[in-house]
Each structure stands twice: as structure tokens, then as C-alpha cells.
Amino acid sequence: QVQLVESGGGLVQAGGSLRLSCAASVDIIGNDHMGWYRQAPGKQRELVAIITSGGITNYADSVKGRFTISRDNAKKVVNLQMNSLKPEDTAVYYCNLNRFGYLYWGQGTQVTVSS
């Protein structure tokens, strides 16, 4: 059974940085796509960043140039480096694994950015 556990969330002032990590309970195989999503109160869950099995990355326009997604298959980890954080980045951040079209989710980690 695939389990994803996020860590690294917390409270930070605007302009600060956080690094989120997602540890998978199973080997991350070559065909897996990994991603980070977020959901703010009263809003729908939205894509933040994804990284394909081939290492291609894609970001939401709102985080381009500030966030960086990376993966380490050997360590079964996907990370999200978040810099220049803004209050509007406040949300619960979820790790996602897409394995042959089947989606797995972590429980989420809270990120709060104060102004």
C-alpha cells in the first residue's frame, strides 16, 4: 500500500522560506509522476508543481520563480523548496503520486505565511 507522508510545514513570515518533503512508503519507480498541490480555506485544491518521471517540471504561474520541485527516487522523496513566500501561499500542501493514472495523496502539511 502506498503511503505518502509530508513534513516541513509551519509558520513563516512573508519573504521567508520553507522546504517541504514527502516520503513515500514504497519505491518510486521510473514511471511515477510526483507533485505538490495545495488547498486554501474555502478554495479548491490546486496544482502547485509537478515533476514527471523524466524530470520535467511544471509550475503554477503563481509560484514560478519562487518554488522548486525535486525528486530523489533512491531516497523515495520529493521536495518542494519554497522561497519568497507570500500570505497568499497559506494553505494545506499535499503530496501526490500518479502511478499509471492512479492518484495517491498524503495527509497534508499546513503552511502559514504571516504578513
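Residues numbered from 1 in each chain as written. Predicted model: local features only at pLDDT ≥ 70, side-chain atom pairs only at ≥ 80, totals over all residues. Heavy atoms only, no water.

Describing the side chain of N79
At step 1: Structurally, the position occupied by N79 is in strand β8 (residues 77-82).
At step 2: Excluding residues within four positions of it along the chain, N79 makes contact with R19, L20, S21, W36, T68, I69 and S70. (Helix = DSSP H or I, 4+ residues; strand = E, 2+ residues; numbered from the N terminus. Contact = heavy atoms within 4.5 Å.)

Digging into the nonpolar core
In summary, soluble globular proteins display a tendency toward joint burial of nonpolar side chains.
At step 1: One finds W36, L80, M82 and Y93 to be the most contacted residues of the largest nonpolar core, which totals 28 residues.
At step 2: Among the elements of the structure, β3 (18-24), β4 (33-39), β5 (46-51), β7 (67-72), β8, β9 (91-99) and β11 (109-114) are those that each provide at least two residues to this core. (Core = buried A, V, L, I, M, F, W, Y, C linked by side-chain atoms within 4.5 Å. Buried < 20%, exposed > 50% of the residue type's maximum accessible area, 1.4 Å probe, protein only.)

Section: the pattern of salt bridges
At step 1: Tallying each qualifying case throughout the model produces five salt bridges.
At step 2: A salt bridge links D32 to R99, with the nearest nitrogen and oxygen atoms 2.6 Å apart. In this pair, D32 is assigned in the loop between β3 and β4 and R99 in strand β9, connecting sequence segments 67 residues apart. You'll find D32 and R99 in the same group, each marked buried. (Salt bridge = Lys/Arg side-chain N within 4 Å of Asp/Glu carboxyl O.)

Geometry only, nothing functional implied.
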